[in-house]
Amino acid sequence: MVENLTEIASSHSHLAYSNFISSLKFKWVYLQRTIPDSADSFHRLEDAIRNRLIPKLIGRPCSDMERKIFALPIREGGLGLDNPVETAPIFYKNSEHVTEPLVLNILELDENKKTIHEVEKEIAERRLECSVEEMKRQKALREAVCKDEEKWTRTFLLNMETGASSWLSARPLEIFNRELSKSEFTDAMCLRYGFEINGQFSECVCGKQNGADHALSCSTGGFTILRHNEIRDTLADIITHAGYKGVEIEKVLQPVNPDDYPRSVNTAPDARSDVYAIGLWRGLQGAHVDVAVFHPTAPSYRGKDPKSLYKMNESRKKRDYQQRIRESERGAFTPFVMATSGGSGPEAERLIKKLASRISTKHKDKYAEVINFLRTRIRFCLLRSTLVSLRGTRKKFTTPPPIAMCDFTD
């Protein structure tokens, strides 16, 4: 089965990965939970996963350290590619521990005969114990990895942020524009774990040395603006879907006298907010949202905590617009700050939760499903525009002469 999936991964990496984590890996979990001492039987399977499937997914060989990281759950910064040799004894031990009260009750070996409700309660408590133990094991593994190589500390921090990994657990449905090509999926994996991206030009057209960090920060070619505009348009569409009125993009602010404001405030006559809506936070009050996207692994940011970067960018946006919007527009202002790694700032999270609550109430859907859908949609929008920045050409081409001026006799 893994061999067949490896063949699919040669041309459809995203599809193969999604199939593995959502379906295939559960086929042997039942055996691991019911058969003791089965770890040795899974060595061949682990060899196929590590040496065949994973290299196809990430575009490079897999080291021992990376294999441990990839085995972690997606929400813990991994890929959910379980190592069946390691999980076999854990699954059997947990299964035996959880079902023990039920077995004793069925065989009537328990001196104090319990009702079915008491048994179910004890089973739930034991499941919780197993979950806590598994979380401790994963945390110990992350700490061990970070101790050996310090670079992984920041990688885990970024990948474990809310919404940063939602693109991995989502099904690659074409109808929602979630399916990545092979090269896009490989590049996304390299960005997630800081691997070198193959095929990039060694030098950018701006004259600086090229690389992932430079490509995602360089303003030449307009890709930073493209990334910003994609988030802006998606956010405006979500706000409209939530039922808010008067939604506008790039709404020009009312002119003000620059002498009435501190120097830090943007008093330009053509100043505008990215998204405007009525009643977003209160009654008929106008609400302005301004988008900012930054690259957290840029050289100037590497020594700073990701949480401080969100606050710094939010403060910068508030410094530019908040006072002017409150006083001249009598409106509310929300900075929508995101990192290229997929995380979002506190103000952005507050807005996403507000929109999810509104949509779930309006359409009578579950809040958890709605907010997961919104985060996934925004994450894919950011991911696609980020990947374009890596591969997109920044070279300016000379405009050819009009066809009417061409001499076809030569």
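Conventions adopted
- Residue positions within a chain follow its written sequence, with the count starting from 1.
- Note on the predicted model: pLDDT of at least 70 is required for a residue's local features to be given, and 80 or more for side-chain atom pairs to be given and counted; whole-chain, interface and lining totals, by contrast, use all residues.
- The basis for every side-chain value is the complete set of non-hydrogen atoms in the structure, without hydrogens or water.
- Two rings from Phe, Tyr or Trp (for Trp, the six-membered ring) form a pair when their centres are within 6.5 Å of each other. A pair whose planes differ by under 30 degrees is stacked, one over 60 is edge-to-face, and the rest are tilted.
- Numbering goes from the N terminus for both helices and strands, where a helix is a DSSP run of H or I of at least four residues and a strand is a run of E of at least two.
- Type-normalised accessible area, obtained with a 1.4 Å probe on protein chains alone, sets the label of each residue: buried when under 20%, exposed when over 50%, and partly exposed for intermediate values.
- DSSP bridges decide pairing: two strands pair if at least two such bridges lie between them.
- A fitted line through C-alpha atoms represents every axis, and for helices the fit uses only the stretch in contact; the resulting angles, taken between N-to-C directions, go from 0 to 180 degrees.
- We call two residues in contact whenever any of their non-hydrogen atoms come within 4.5 Å of each other.
- Patch membership requires over 30% relative accessible area and the absence of a salt bridge. Like charges are linked within 9 Å, and nonpolar side chains (Val, Leu, Ile, Met, Phe, Trp, Tyr) within 5 Å.
- Where accessible areas are quoted, they stem from the Shrake-Rupley method and a 1.4 Å probe; at the residue level, only the protein chains shown are allowed to cover.
- Salt-bridge detection follows one rule: a side-chain nitrogen of Lys or Arg within 4 Å of a carboxyl oxygen of Asp or Glu.
- When describing relative orientation, an angle under 35 degrees is termed roughly parallel and one over 145 degrees roughly antiparallel, while 65 to 115 degrees is termed roughly perpendicular and anything else oblique.
- Crossing chirality is assigned from the near helix's rotation relative to the far helix, an anticlockwise turn below a right angle marking it left-handed and a clockwise turn marking it right-handed.
- Helix span is expected to be 1.5 Å times the residue number reduced by one.
- Side-chain atoms within 4.5 Å are what join buried Ala, Val, Leu, Ile, Met, Phe, Trp, Tyr and Cys residues into a set we call a nonpolar core.
- We define a polar contact as two N or O atoms separated by no more than 3.5 Å, with the added condition that, inside protein, one atom must be a possible hydrogen donor and the other a possible acceptor, whereas residues neighbouring each other in sequence contribute only through side-chain atom pairs.

Regarding the packing of aromatic side chains
Here's step 1: Applying the stated criterion across every chain, the model contains 10 aromatic pairs.
Here's step 2: Ring geometry for Tyr 17 against Phe 185: centres 5.7 Å apart, planes inclined by 45°, an arrangement best described as tilted. Pair noted here: Tyr 17 is in helix H2 (residues 13–22) and Phe 185 is in helix H10 (residues 182–193), with a separation of 168 residues, a long-range link.
Here's step 3: On the accessibility criterion, Tyr 17 (0% relative accessible area) is buried.
Here's step 4: Taking relative accessible area as the criterion, Phe 185 reaches 0% and is therefore assigned buried.

Considering unusual backbone geometry
Here's step 1: The phi angle at Arg 330 is positive, at roughly 55°, despite the residue not being glycine.
Here's step 2: Following the sequence through the fold, Arg 330 ends up in the loop between helix H13 (306–329) and strand S4 (332–339).
Here's step 3: Of the residues examined, Arg 330 reaches a relative accessible area of 59% and is grouped as exposed.
Here's step 4: The residue Lys 364 is not glycine, and still its phi comes out positive at about 60°.
Here's step 5: Judged by its relative accessible area of 78%, Lys 364 is exposed.

Let's talk about the sheet that holds S4
Here's step 1: Spatially, S1-S2-S3-S4 is the arrangement adopted by the four strands of the open sheet, whose pairing is mixed. Where the open sheet ends on each side, the last strands, each with one partner, are strand S1 (245–252) and S4. Along the sheet, successive strands turn relative to each other by an average axial angle of 25°, direction set aside.
Here's step 2: Relative to strand S3 (residues 286–294), strand S2 (residues 272–278) runs antiparallel, the two sharing four bridges.

Topic: the environment of Leu 157
Here's step 1: Of note, Leu 157 is situated in helix H8 (residues 151–159).
Here's step 2: Residues within four places of Leu 157 in sequence aside, it is in contact with Asp 305 and Pro 306.

Digging into the pairing of S2
Here's step 1: In terms of burial, S2 is a largely internal element, five of the seven residues being buried.
Here's step 2: As paired strands, S1 and S2 are joined by five bridges and run antiparallel to one another. Bridge assignment links Glu 248 to a residue of S2, and that residue is Tyr 276.

Here's the deal with a nonpolar patch on the surface
Here's step 1: A contiguous nonpolar surface patch, about 460 Å² in accessible area, is contributed by Leu 102, Val 103, Ile 106, Leu 107 and Ile 116.
Here's step 2: Ranked by residues supplied to the nonpolar patch, first place goes to helix H6 (residues 84–106) with three residues.
Here's step 3: Tracing the sequence through the fold places Ile 116 in helix H7 (residues 116–148).

Looking at the packing of helix H14 (residues 346–363) against helix H15 (residues 367–391)
Here's step 1: Two elements in contact, H14 and H15, have axes whose closest approach is 9 Å; the angle formed by their N-to-C orientations is 130°. The angle between the axes of H14 and H15 places the two elements in the oblique class. As for the relative orientation of H14 and H15, their crossing is right-handed in sense. From H14, Glu 349, Ile 352, Lys 353, Leu 355, Ala 356, Ser 357, Ile 359 and Ser 360 reach across to H15, where they touch Tyr 367, Val 370, Ile 371, Leu 374, Arg 375 and Ile 378.

Topic: H14
Here's step 1: For H14, built from 18 residues, the straight-helix expectation of 26 Å at 1.5 Å per residue is met to within 8% by its first-to-last C-alpha distance of 26 Å.
Here's step 2: Those residues of H14 lying buried are Glu 347, Ala 348, Glu 349, Leu 351, Ile 352, Leu 355, Ala 356, Ile 359 and Ser 360.
Here's step 3: Considering only its buried residues, H14 is in contact with helix H12 (223–241), S3, H13, S4 and H15.
Here's step 4: Lys 364, located one to two residues past H14, shows a positive phi value of around 60°.

Quick look at the nonpolar core
The nonpolar side chains of soluble globular proteins are, as a tendency, buried together.
Here's step 1: Ranked by internal contacts, the top residues of the largest apolar core, which has 50 residues, are Tyr 17, Phe 20, Phe 70, Leu 81 and Trp 152.
Here's step 2: With seven residues, helix H4 (residues 43–58) is the largest single contributor of residues to this core.
Here's step 3: For Phe 70, the residues in contact, after removing those within four places along its chain, are Ile 54, Ile 58, Cys 62, Gly 78, Leu 79, Gly 80, Leu 81, Tyr 193 and Phe 195.
Here's step 4: Core analysis: the next-biggest nonpolar cluster, separate from the first, contains 27 residues, Tyr 244, Met 338, Leu 351 and Leu 355 among them.

A look at the side chain of Arg 142
Here's step 1: Along the chain, Arg 142 falls in helix H7.
Here's step 2: Within polar-contact distance, the side chain of Arg 142 engages the side chain of Glu 76 at 2.4 Å.

Focus on the side chain of Ser 273
Here's step 1: Checked against the element boundaries, Ser 273 lands in strand S2.
Here's step 2: Within the local environment of Ser 273, its side chain forms a polar contact with the side chain of His 288, the two groups lying 2.9 Å apart.

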